Amino acid sequence: MGIEQEIEGIRAGIKAGRFPNEASVSQGIVLRLLNGLGWPTYDTESVWPEYSLGTRRVDFALCSPPGKPIAFIEVKQIGQSDGAERQLFEYAFHIGVPLAILTDGREWNFFLPGGQGDYGERRVYKLDIVERDLAECAQRLKRYLCHVNIASGAAIEAAQDDYRNVSRERQMLATLPKAWGQIIADEDEMLLEIVADRVESLCGFKPDPDMVAKFLKEGVVTRVASAVYDNGIDRHRKSLPVAPATTVRAPLLAPIVSARSLGFTLFGVLHPARNGIDALRQFFELLIAKDPAFAERFASLPKHGRSRRYLAKEVADLYPGRPDLARECSKKVAPGWWLSTNHSKQTIGRIFEMACEVAGVVPGKDLVAHLGD
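Residues numbered from 1 in each chain as written. Predicted model: local features only at pLDDT ≥ 70, side-chain atom pairs only at ≥ 80, totals over all residues. Heavy atoms only, no water.

## A word on the sheet that holds strand β7 (residues 263-266)
- Here we have three strands laid out as an open sheet, ordered β8-β7-β12, and antiparallel in their pairing. A single partner strand is all that each edge strand has here, and the edge strands are β8 (269-272) and β12 (367-370). Here the average twist between neighbouring strands, direction ignored, is 15 degrees.
- As judged from the four bridges shared by β7 and β8, these two strands associate in the antiparallel manner. When the sheet's bridge partners are listed, Thr-265 is paired in β8 with Leu-270. (Pairing = 2+ DSSP bridges. Helix = DSSP H or I, 4+ residues; strand = E, 2+ residues; numbered from the N terminus. Axes fitted to C-alpha atoms, helices over the stretch in contact; angles between N-to-C directions.)

## Topic: the pairing of strand β5 (residues 107-111)
- Counting buried residues along β5, four of its five residues qualify, which places the element largely inside the surrounding structure.
- Strand direction decides the pairing type here: strand β4 (residues 99-103) and β5, joined by four bridges, are antiparallel. The residue bridging Leu-102 from the neighbouring strand is Asn-109, located in β5.
- Hairpin connection between β4 and β5: a loop of three residues separates the two successive antiparallel strands, and Gly-105 in this loop has a positive phi of roughly 95 degrees.
- Of the strand pairs in this sheet, β5 and strand β6 (residues 123-128) are connected by five bridges, and their pairing is antiparallel. Residue pairing across strands places Phe-111 opposite Arg-123, the latter belonging to β6. (Buried < 20%, exposed > 50% of the residue type's maximum accessible area, 1.4 Å probe, protein only.)

## Section: helix α12 (residues 345-359)
- Between its terminal C-alpha atoms α12 stretches 21 Å, which fits the 21 Å expected from 15 residues at 1.5 Å a residue.
- Among the 15 residues of α12, twelve are classified as buried, and the element is accordingly described as predominantly covered.
- Those residues of α12 that sit buried are Gln-346, Thr-347, Ile-348, Gly-349, Arg-350, Ile-351, Phe-352, Glu-353, Met-354, Ala-355, Cys-356 and Val-358.
- Gly-360, located one to two residues past α12, shows a positive phi value of around 75 degrees. (Expected span 1.5 Å × (residues − 1).)

## Remarks on the confidence of the model for the protein
- Taken over all residues, the pLDDT of the protein has a mean of 82, while the share at 70 or more is 82%.
- This stretch, residues 254-259, has a pLDDT under 50; its non-local contacts, to residues over four places away or in other chains, come to 13 contacts. (pLDDT = per-residue confidence, 0-100. Contact = heavy atoms within 4.5 Å.)

## Comments concerning the pairing of β4
- Extensive coverage of β4 is indicated by the burial of five of its five residues.
- Every second residue of β4 is oriented toward a common face, with Leu-99, Ile-101 and Thr-103 on one face and Ala-100 and Leu-102 on the other, all of them buried.
- Summarising the sheet, strand β3 (residues 69-75) and β4 pair through five bridges and their orientation is parallel. Among the inter-strand pairings, Phe-72 is bridged to a residue of β4, identified as Ala-100.

## Details of the nonpolar core
- One finds Trp-108 and Leu-141 to be the most contacted residues of the largest nonpolar core, which totals 40 residues.
- When residues in this core are grouped by element, the largest group, six residues, is from helix α4 (residues 134-145).
- Ranked by size, the runner-up nonpolar core spans 31 residues in total, among them Leu-266, Phe-298, Met-354 and Val-361. (Core = buried A, V, L, I, M, F, W, Y, C linked by side-chain atoms within 4.5 Å.)

## Points about the packing of helix α1 (residues 3-15) against α4
- At a closest axis distance of 9 Å, the pairing of α1 and α4 adopts a crossing angle of 115 degrees. If you check the angle between α1 and α4, you find them roughly perpendicular. Our pair here, α1 against α4, has a crossing hand that is right-handed. The segment α1 lies against α4, with Ile-3, Glu-4, Ile-7, Glu-8 and Arg-11 engaging Leu-134, Cys-137, Ala-138, Leu-141 and Lys-142. (Parallel < 35°, antiparallel > 145°, perpendicular 65-115°, else oblique. Left-handed = near helix turned anticlockwise from the far one by under 90°.)

As structure tokens, then:
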């Protein structure tokens, strides 16, 4: 009988309630599966029951070569395995066994005791032989528990490879909220445009970048990050805590004296503006008029937006692939030079800072700007 048939028989027995205690789980499930995986269950030096560790005993020690434990199996009554990891790990650490298995017959938890983190983080895989696909159950049991694989060391190597993959995935999941928070805090232009375009397609009206940025910062970060964890890679592990969104950095540009006025003061001269974009346009016009080479230097900066240019000779280069934005969100600031205008206030502030650095203007001293509250 193949391992798939053994699993099917065990599934039927679990559903029928034929394994009411640890002894029945050990004999009717654990030994049955080990036998199907090629273990000589009759050889007590290969499958060592009640393996003694001083005053303690582990339910089974899988030995290869005979008499030398390479994996421990701790058996619990169905539904009663929670919290038993600590005892199992103490057993494994006692003699340096590299693989530890905790099972109640239905759920099989495979651990690398020598891994990092808490017990849950050292779990390589959690298998529910009733809920999971039959082929997956057979493949996982063979991967970690087949006698040939254990004896050759392939099972331990496979568990270590899987542990590294799980660890990488866990780190990525833990970092996703931070990355998302930084994108929101930085008011990523591509993201703001995607959301604004979708709103327009749904209601016919397109919000400006500031409205979208404010909406995202007021709670979408937490809700989406939570959703990432709720649909994470480990369906059996509770959602990890959600990291708070990254705090928005304070702009280097100080407000002008009057909080009600919009615009900027450059070298002591006030330049009123209708809004932040108008202030930015005026600033670029002044800098280019003073130094025509400024535009070329600014445009040659390696980094503008993610895929956009803030200043370009061709209006189409401001928004590659978006002729609608090129038509609607651009301003001519000098002969042969176009400025993009589809920006939130925070992005406008960053463009001011970039321009100051290129022009040799000191923010807060030579330039004081206020872009609105």
